[in-house]
Structures are given as C-alpha cells and as structure tokens.
Protein chains: 2
Amino acid sequence: MGSDEHEVLEAHAAFYDAFAGRDVDAMGDLWSTDAPVSCIHPGWSLLVGREAVLASWQSILEGPAAPDVVSSREIVHLFGDTALVMCVETLADGQLMATNVFRRDAGRWKIVHHQAGLISSGLDDDDDDDDDDDDDESPPGFLN
Amino acid sequence: MGSDEHEVLEAHAAFYDAFAGRDVDAMGDLWSTDAPVSCIHPGWSLLVGREAVLASWQSILEGPAAPDVVSSREIVHLFGDTALVMCVETLADGQLMATNVFRRDAGRWKIVHHQAGLISSGLDDDDDDDDDDDDDESPPGFLN
C-alpha cells in the first residue's frame, strides 16, 4: 500500500472514529475548510457547504438515535490529490454502502463529500434465490 | 461557469443520455479506461473495475424494467482533474440522489464512480408534517 493510500485510510478511519464517538468537533475538523463540501445522508437530499453539512452531522451525532456505525471492506481509488474510499457501513440493523471523497489540503486529507445508502441484499448473502419481486425499498429496474 | 465545469456537465449529460437511450456502447465509452472505476447502484453492493461496472449497466439498460431517468439540480465541485457532480435523478415513481465522479483522461472527462440512492422525502415535499416514525426504507437515526 502506498503512503498516500495509507494516509487516506487514516483520514477515513478518523471519520468513523468521530462518528462512533459522537465527536462533533472532530467531525468538523475532518471536513475540508478550503474545498467545497457536500453530503448525502441515506434518504436525504443533497447538503452543500460546511454550514449545512456540519449542522447535519451535529444533529445526527447529538440525536437520540445516533447510530453505531462500523466501516469495513474499504476500497481506495487515488486520483492525485483527490481520493475515493468506498466502504460498507454496518449498523445495528442493516448495512449501507458509502462513498467518501477526500481532498489533500495543505498536506492533510480532508473529507469533501460523503454519500451513504442502504444495501438491499447483503454482501454476505449466501442464498442464491433469484428473488425478482419488486421491493418497496428499491426503485424498479435496478435490482435484477 | 468555467469551461472545465461546462465540460464536466456535458459528460454528465452524456451519461444520462446513454442511460435514457439504453445505449450500452455509449455508456461503455463514458467510463474511464485509464483510471480505476467503481459503482454503487441503489441497494447494490460496490462494483469495482470496468468489467463488473459495465456488465451491471448492460444488465440494467437491456433489462425489461430499465428505468426512465432524468437528471436535474446538478451541482459541480471541481478538484483539478477530478470533478464531482451531484444531482437528483427522477424516475417514474421516485427520486434518487446521485454522486457522479469524473476524471480527466487525455483531455476528456470520463466517469470513474457513480452512486445513487433513494430520497425518502422529496426535495419538493410541500407538507411540513414532522413524521418521525421509523421508516422501513431508512436506517434509524439518519432521518430526524
């Protein structure tokens, strides 16, 4: 693993540490101050700008139902000073797929974008049934 | 709007033209051949690599339930030779939020990542009811 990839994964881990620790200050420090930021929480519309994004994290982290989230299966794709980390987020009652985008600001990798959405069938789904019934959670045509 | 942003939005539009036109060849041409690619369809797990990603698009575009999708409300965030476009995808029976990541390859903006997920409450939701009931489509704690 290259050192850039290692640094990106450290920033990624810090993001989930802040999430798990409900640490609003750490979360704020992890998001870029120099580059434009945006965030799509599961089921939410797009949030743009530090103020809106960090307010959303504050409401989630300080809310009564702040989820316990663990990141796993990270895949890093490096594009110079920009990096994507895709991962599985495991919650108490389901799994999400997330995209986290990082940008190197003055030598530090900062988050510039996050999107997470439910996985309808888990990565570890062992059954091979070809269940093509429409699923209320999913738009038609995507799950086939 | 800068010329880079204009070019990125043209690539973004071409992606949704290929989607709407069920054009598997055009879709294949729009994805990067030089950079690592990945894709998260709504409800799906992560797909990595051109072969897996393009096979998924072929199955969606050639499937009996290929959705009619229209992109709107595009927001572009430029990071040098990498760009994010966030947009609303409107289908016959719902709206998704999407993140599309583009990378400039030999002067052409190519897609390197796509994630789309359902919006639980629409952007144009006019009702102000504070429905905090648990929603089966959404993980707890995110929609508050």
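This one's a predicted model, so the numbers in the text were calculated from it and none came from an experiment.

1. Observations concerning the overall build of chain A
(1) Moving on: Scanning chain A from terminus to terminus reveals three helices and six strands.
(2) Moving on: Along chain A, helices and strands appear, N-terminal first, in the series α-α-β-β-α-β-β-β-β.
(3) Moving on: Counting all 144 residues of chain A, 49% fall into the buried class.
(4) Moving on: The long-range share in chain A, meaning contacts at least 24 apart out of those at least 6 apart in sequence, stands at 44%.

2. Description of the pattern of salt bridges
If charged atoms from side chains of opposite charge come close, those side chains can pair.
Residues and elements named next belong to chain A.
(1) Moving on: Using the criterion set out here, one finds eight salt bridges over all chains in the structure.
(2) Moving on: The residue R22 makes a salt bridge to D68 at a minimum N-O spacing of 3.4 Å. With a gap of 46 residues between them, R22 in the loop between α1 (3-20) and α2 (24-30) and D68 in the loop between α3 (50-61) and β3 (70-79) connect regions that are remote in the sequence.
(3) Moving on: Several salt bridges share partner residues, and in doing so they unite D4, D81 and R104 into one network.

3. Observations concerning the sheet that holds strand β1 (residues 38-40) of chain B
All names here are of chain B.
(1) Moving on: Here we have six strands laid out as an open sheet, ordered β2-β1-β6-β5-β4-β3, and mixed in their pairing. Taken across any chain shown, the strands that pair with only one partner, and hence form the sheet edges, are β2 (47-48) and β3 (70-79).
(2) Moving on: Sitting on the sheet, helix α1 (residues 3-20) touches β3, β4 (82-91), β5 (94-105) and β6 (108-118), and the angle it makes with β3 is about 140°.

4. Description of the packing of aromatic side chains
Residues and elements named next belong to chain B.
(1) Moving on: Tallying each qualifying case throughout the model produces 10 aromatic pairs over all chains.
(2) Moving on: Ring geometry for Y16 versus F19: centroids 6.3 Å apart, planes at 20°, classification stacked. With a gap of three residues between them, Y16 and F19 both fall in helix α1, about one helical turn apart. For the pair Y16 and F19, one class covers both residues: buried.
(3) Moving on: Aromatic side chains F19 and W57 sit 5.0 Å apart centroid to centroid with 85° between the ring planes, which places their arrangement in the edge-to-face category. Here F19 is found in helix α1, whereas its partner W57 is found in helix α3 (residues 50-61), with 38 residues between them in sequence.

5. A few points about the nonpolar core
(1) Moving on: The biggest cluster of nonpolar side chains holds 82 residues, and the ones touching the most others in it are W31 and W57 of chain A together with W31 and W57 of chain B.
(2) Moving on: Apart from residues no more than four positions distant in its own chain, W57 of chain B is found in contact with F15, F19, M27, W31, C39, H41 and H114 of chain B.

6. Structural notes on the pairing of β4 of chain B
Regular strands have side chains that alternate between both faces of the sheet.
Residue and element names in this part refer to chain B.
(1) Moving on: For β4, a buried count of nine out of 10 residues is recorded, marking the element as mostly surrounded by other parts of the structure.
(2) Moving on: Counting the residues between successive antiparallel strands, the hairpin from β3 to β4 contains two residues, one of them, G80, with a positive phi of roughly 65°.
(3) Moving on: Pairing analysis gives 10 bridges linking β4 to β5, with the strands arranged antiparallel. Its bridge partner being in β5, V85 is matched across the sheet by N100.
(4) Moving on: Hairpin connection between β4 and β5: a loop of two residues separates the two successive antiparallel strands.

7. So, the confidence of the model for chain A
(1) Moving on: Per-residue confidence for chain A gives a mean pLDDT of 86; residues scoring 70 or more make up 83%.
(2) Moving on: Every residue in residues 122-144 of chain A is under pLDDT 50, and counting partners more than four places away or in other chains gives 44 contacts.

What counts, and where the lines are drawn
- Residues numbered from 1 in each chain as written.
- Chains lettered and ligands numbered in written order.
- Predicted model: local features only at pLDDT ≥ 70, side-chain atom pairs only at ≥ 80, totals over all residues.
- Heavy atoms only, no water.
- Helix = DSSP H or I, 4+ residues; strand = E, 2+ residues; numbered from the N terminus.
- Buried < 20%, exposed > 50% of the residue type's maximum accessible area, 1.4 Å probe, protein only.
- Contact = heavy atoms within 4.5 Å.
- Salt bridge = Lys/Arg side-chain N within 4 Å of Asp/Glu carboxyl O.
- Pairing = 2+ DSSP bridges.
- Axes fitted to C-alpha atoms, helices over the stretch in contact; angles between N-to-C directions.
- Phe/Tyr/Trp six-rings, centres within 6.5 Å; stacked < 30°, edge-to-face > 60°.
- Core = buried A, V, L, I, M, F, W, Y, C linked by side-chain atoms within 4.5 Å.
- pLDDT = per-residue confidence, 0-100.

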